Amino acid sequence: MAAITLMNVLEDEFGLEIDLDDVADLDSFQKIYSYLQKRFQVA
Amino acid sequence: MTITEALRLTHDLSCDAQPFAVTLACGFTPLHLQTFLAAHLQQALTNRTVTISSGLYGNLIGTLESIAGTVLPDGLVVALEWSDLDPRMDYRSAGGWGANADSDIVSCARAMLDRIASTLVRISPGFRVALSLPTLSLPPLFHTPGWRASELELRLEADVLCFAADIAQDGRIVVINMQRLGEESPVAGRFDLKSHLYTGSPYTIEHADRLASQLARALAPPVPKKGIISDLDDTLWSGIVGEVGPDAVSWDLTRHSQLHGLYQRLLSSLAEHGTLIAVSSKNDATVVAKAFERRDLLLRPDQIFPAEVHWNSKSGSVARILKVWNIGADSVIFVDDSPVELAEVASAHPGIECILFPKNNYAAGLAMLRHLRDRCGTEWVSKDAALRLESIRQGAIFREQAAGGAAPEAFLEQLDAVVTFDFALDGEPRILELVNKTNQFNLNGKRYTESDWHRLVSAPGAVLASISYEDRFGPLGTIAVVEGQINGTQFEAETWVLSCRAFARRIEHQTLKILFETIGASYIDFNFAPTAKNGPLREFFATLLGEEPKSEFRLTRSQFEARCPALCHAVRKIKRAEDHGRNQPTVDQLFPDSFPGPATRRNLDWIDCNAWSLGFRGSYYTHERPGG
């Protein structure tokens, strides 16, 4: 549940929506960082 | 509120604050609801540290049954959903929705509602419960197309409403208004199926925020405003009475001034439930008096006091009204159609809430009516509420007569004043209401939740007295509360409040006299703390101590008796605990040394004890006249 809350905080902070399907893979700072970089590159 | 803001609110807390522990009972993963509930409660209870624990997933009734009858935390929140009534209504369940299941689901839901209701009523007294009815749409399980309500669906909804109506009779259980929730959180935006299936948390973030806000308000409601001061022209009625005349101002449908009529109806309703209503108008008083003679007024003239009608400034009028009411500007709403008048009053009376009457904006008018009800509405109807305005009106006459001529003693002697001490009303909501809203004569300004208060007054050795008063000007109702701990012949006063309506009658002196005499104490310790508003209490103690107290202090009986003025009240009866249908400590247990009677004398009957020697033994209502 803490992971879901963290994803919601990231959504708040970065103004994006994170699919629940992606949450299971985001289990480290590095993975989250890379995920965000990719999302912003795509955007 | 965003999740980030909610988390920040709940993390930036003082370690010293007293905890406020809440149990959240729900059958789903509480997730966002829990986060937002903690944040909204933290906003309402700034001097507490809110903690929330939740029950087991999928077992709301189990959570409730596990806490019923036990010592509860400070509050309980129940977020009911359809899936709690029957698992077949849960999208995560594999239960069938066939023809045979429909009626069975309704039957099972009804049985579960009965079980929840019987569990909730077993929750210990003194604890507040906030409950939301199902907020999500029913799954498409009934045979009718979605645009048509099936009979079973309607029966299911009716069962839920009957359940809510039944449990709402218990004043401790607050059912949130689902229509209001619908305005703040549209039904279509509440459910997140993917989140529900993946995590067991069915609410969207927005819905969790809105629902948590309502539940927090139900658990920790804001203090209602005490009075409304209203303008007349283009506010209480449509038109300028000095220009068109008393017969031409209107508040009806035919002249398209119904909004003013609705405003009058709301004020009248609020007045009936204890909100003070006054008028401040720049007008010719004789013309206004004529207008108030009209029989079609929806706000009766006797519901208004005082009326400040003249050409002087409105800030001055408001000052005089506040003085008559004897309350602070922050307890009052001022309504006027003129932004200039609102600004003038706001600058002179910081804290007053100023509302512009929206003459031709019907949507804003409706919002204003609802806002006034929200700010002034009462949670229960108290018999004291009906007395409030009349007692203030009589209080003004009282002060005039007290100031005019006769010596204070002579005037007070003529009052036929009766002070009633009642030691057996700890569950009466008026008592806690009085403690929490009294500012000026308040020992320390402490505010209590229902659970705090319940713990305090049910502790071993706790003494609680509510005090009511009446004289030839009429009854004031319950106007004071004293609470403290007794230890042998020592008394430590933790709470003492006296309504400002009851000042100048020496009730505070009589209270101390009764406490000293009853307990047989040589001193009383007062858990005093200065506040920005408790000057009247400090001034009272300065007359006994020689100077205003700065912190906790002790008052000796000799100090009190040396400076206590003559008291002219009849001290009347203590109701026996049995009269209120509850078990209280016996009077012998509380005041063992103060009774001349046999040890079997029961139940807080110490005034009766005084009367006992005068031959009034056995009466419920006993009198002790000074020197009688």
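Going by the structure above, here's the rest.
Residues numbered from 1 in each chain as written. Chains lettered and ligands numbered in written order. Predicted model: local features only at pLDDT ≥ 70, side-chain atom pairs only at ≥ 80, totals over all residues. Heavy atoms only, no water.

1. Considering the interface of chain B and chain A
By convention, interface size is frequently given as the accessible area that disappears when the constituent parts associate. Condition: Working rule for contacts: check all heavy atoms of both residues, and any pair within 4.5 Å makes them a contact. When two parts are brought into contact, each loses some accessible area as probed by a 1.4 Å sphere; the total of that loss over both is the buried area. Salt bridges, as used here, are contacts in which a Lys or Arg side-chain nitrogen is within 4 Å of a carboxyl oxygen on Asp or Glu. For this analysis, a polar contact is any N or O atom pair within 3.5 Å, provided that within protein one partner can donate a hydrogen and the other can accept it, and provided that sequence-adjacent residues contribute only side-chain to side-chain pairs. Residues were grouped as follows: Ala, Val, Leu, Ile, Met, Phe, Trp, Tyr, Cys and Pro as nonpolar; Asp, Glu, Lys and Arg as charged; and all remaining residues, including Gly, as polar.
With 13 residues of chain B at the contact, the number on the chain A side is eleven residues. Across the chain B/chain A interface, buried area totals approximately 990 Å², and carbon plus sulfur atoms make up 65% of it. The largest contributions to the chain B side of the interface with chain A come from Thr4(B), Leu31(B) and Lys194(B), which together make up 38% of the buried area. Where chain B meets chain A, there are two salt bridges. Ionic pairing is found between Lys194(B) and Asp19(A), a salt bridge with its closest N-O pair at 2.5 Å. Our count for the chain B to chain A interface comes out at six residue pairs in polar contact (both at pLDDT 80 or more). Its residues assigned to classes, the side of chain B that touches chain A shows five nonpolar, six polar and two charged.

2. A word on the pairing of strand 3 (residues 75–79) of chain B
Residues and elements named next belong to chain B. In plain terms, the rule: Working definition: with a 1.4 Å probe on protein chains only, accessible area under 20% of the residue-type maximum means buried, over 50% means exposed, and in between means partly exposed. A helix here means a DSSP run of H or I that spans at least four residues, while a strand means a run of E at least two residues long, and both kinds are numbered starting from the N terminus. For two strands to be treated as a pair, DSSP must find at least two bridges joining them.
Along strand 3, five of the five residues are buried, which leaves the element largely enclosed by surrounding structure. A two-sided burial pattern is seen for strand 3, the buried positions comprising Gly75, Val77 and Ala79 on one face and Leu76 and Val78 on the other. Bridge count between strand 1 (residues 18–26) and strand 3: five bridges; the pairing is parallel. If you follow Ala25 over to strand 3, its bridge partner there is Val78.

3. Topic: the packing of aromatic side chains
Residues and elements named next belong to chain B. For clarity, the threshold we go by: Between the rings of Phe, Tyr and Trp (Trp by its six-membered ring), a pair exists once the centres lie within 6.5 Å; its type follows the angle of the planes, with under 30 degrees stacked, over 60 edge-to-face, and the other angles tilted. By definition, being over a ring means that NZ of Lys or CZ of Arg is both within 6 Å of the ring centre and within 35 degrees of the ring normal.
Scanning the model with the defined rule gives 21 aromatic pairs over all chains in all. Among the aromatic residues, those joined into a ring-pair cluster are Phe441, Trp496, Phe503, Phe526, Phe528, Phe540, Phe541 and Phe553. Between the NZ or CZ atom of Arg554 and the centre of the ring of Tyr523, over which it lies, the distance is 3.7 Å.

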